[in-house]
Each structure stands twice: as structure tokens, then as C-alpha cells.
Amino acid sequence: MASSSSSSPSSVDRRRELFDDLVRAETRIYNAVGERLRVEHGIVTSQFELLRYLGAHADARVADMATVFAAGIGAVSKGVDRLEARGWAARVPNPADRRSSLVRLTASGTALVAAAQRTFDEELERLIAPSLTEEQVDAVAGALGAVRRALEDARIGLPIG
């Protein structure tokens, strides 16, 4: 006779399912949000994320942004170059370190972030609200936040080089 535990997934199986669901859900949400941002504002999700970060962190350094987004410094720098080319961000000399620059939003970047934030919020509501109650959103956000903080505190998952 099989035990009841043999019919339920093991903790390893559940972690694999969590990984699959987390990655596939994130990809679909990211892509859907990106498509809406592209259509309505002419930006992609990665640009929105950089712009939103700059809106919340005046005078950010590229290296700090790279750490936050767990991305390479070169990739973030190129992303900032693209924002600068569109007139949404500007690099200014770093008074504390002449070897680096600080990045800040321009007036048009600030306006874009405000408009795109409304679109972003609406799209998240459209995508998530039909599937999760507010209590479930709170539980998932709490759990993922705890995992993220632990990974960030241990500096796990940062690009090498």
C-alpha cells in the first residue's frame, strides 16, 4: 500500500514547480506589460524600469543600478545611453568621484515615467487581479520579497565581470 506522502509532490518537486511557474509567469507578465508600454509610450519594460528607478533615486550611479537590477554594468550603461539619446535622462559629473557620473531624469523623462506608471499599474491590475485575491497578492509579495532580500543580502545572482 502506497503511503499518502508518495502521492504528494516532494519538496524538491514543489521547488521545481515554483521555479517553472515563477519564471514563466514573470516572462508572460513582463512581455505583456512591455507590449502595452511599447504601444502607448514607445518604450520597453527594461527602459521603464530604469526610468522608474531614476525617478525614485535622483542622481543614481550606473554601478548602483546594475546591482539593483542584477545586470552587467555595460548593459545598464548602454540602457542609460539609449535613455539619454531619447532625451529622458542625462549624465552629470559626480562631484564625489570624478571617474564616474550620476544619472538623473530630464523633465521629459519625468513626464514619461508618470504617464507610463499609470499604464504599468493598469496592466498589472488587468493581468493579476483575475487570478489572485489581495490576500494572495500580499502572501506572494511577502514570500518573493523574502527570497529576493536573502539573495541580495548574500549577493547571489549578480553577473560576473
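Residues numbered from 1 in each chain as written. Predicted model: local features only at pLDDT ≥ 70, side-chain atom pairs only at ≥ 80, totals over all residues. Heavy atoms only, no water.

1. Regarding the packing of aromatic side chains
This is how the line gets drawn: When two rings of Phe, Tyr or Trp (its six-membered ring) have centres within 6.5 Å they constitute a pair, described as stacked for plane angles under 30 degrees, edge-to-face for angles over 60, and tilted for the intermediate range. Helix numbers and strand numbers start at the N terminus; a helix is a DSSP run of H or I with at least 4 residues, a strand a run of E with at least 2. Relative accessibility decides the category of a residue: with a 1.4 Å probe and only protein chains considered, values under 20% of the type maximum give buried, values over 50% give exposed, and everything between is partly exposed.
Per the stated rule, a full pass over the model turns up two aromatic pairs. Measuring from centroid to centroid gives 4.8 Å for Phe48 and Phe120, while their planes differ by 35 degrees, and the two rings are tilted. With a gap of 72 residues between them, Phe48 in helix α3 (residues 45-56) and Phe120 in helix α6 (residues 107-128) connect regions that are remote in the sequence. With respect to class, Phe48 is no different from Phe120; both count as buried.

2. Quick word on the environment of Ile43
Rules: Whether two residues are in contact is decided by their heavy atoms, any of which lying within 4.5 Å being enough.
Inspection of the secondary structure assignment puts Ile43 in the loop between α2 (11-41) and α3. Those residues in contact with Ile43 that lie beyond four places of it in its chain are Gly34, Leu37, Arg38, Phe48, Leu51, Trp88, Leu112 and Ala116.

3. Regarding a nonpolar patch on the surface
Just so we agree on the cut-off: Any residue with relative accessible area above 30% and no salt bridge may belong to a patch, with like charges joined within 9 Å and the nonpolar Val, Leu, Ile, Met, Phe, Trp and Tyr side chains within 5 Å. Note on areas: Shrake-Rupley with a 1.4 Å probe; residue coverage comes only from the protein chains shown. A carboxyl oxygen of Asp or Glu within 4 Å of a side-chain nitrogen of Lys or Arg is what we treat as a salt bridge.
Together, Leu18, Leu22, Val140 and Leu144 line one region of the surface with nonpolar side chains, adding up to about 330 Å² of accessible area. Inspection of the secondary structure puts Val140 in helix α7 (residues 134-153).

4. What to know about the confidence of the model for the protein
The line we're drawing: The predictor attaches a confidence to each residue, called pLDDT, with possible values from 0 through 100.
Across the protein, the average pLDDT comes to 93, with 95% of residues at or above 70. No element of the protein has a lower mean pLDDT than helix α1 (residues 4-7), at 56, and none a higher one than α6, at 98.

5. Topic: the side chain of Thr45
This is how the line gets drawn: Here a polar contact is recorded for every N or O atom pair within 3.5 Å, except that within protein the pair must consist of a potential hydrogen donor and a potential acceptor, and residues adjacent in sequence are included only if both atoms are side-chain atoms.
Checked against the element boundaries, Thr45 lands in helix α3. On the basis of relative accessibility, which here comes to 6%, the residue Thr45 falls in the buried class. At a separation of 3.2 Å, a polar atom in the side chain of Thr45 contacts the main-chain carbonyl oxygen of Tyr30. Setting aside its immediate chain neighbours within four residues, Thr45 contacts Tyr30, Val33, Gly34 and Leu37.

6. Points about helix α4 (residues 62-69)
Applicable threshold: Each direction from the helix axis to a C-beta atom contributes to the arc, which is the arc of those directions.
Within α4, burial applies to Val62, Met65 and Ala66. Along the long axis of α4, the arc covered by the buried residues comes to 105 degrees, so they all point the same way. Among the structural elements, α3, α5 (73-85), β1 (89-93) and β2 (101-105) are those in contact with the buried residues of α4. Count one or two residues on from α4 and you reach Ala70, which has phi positive near 50 degrees.

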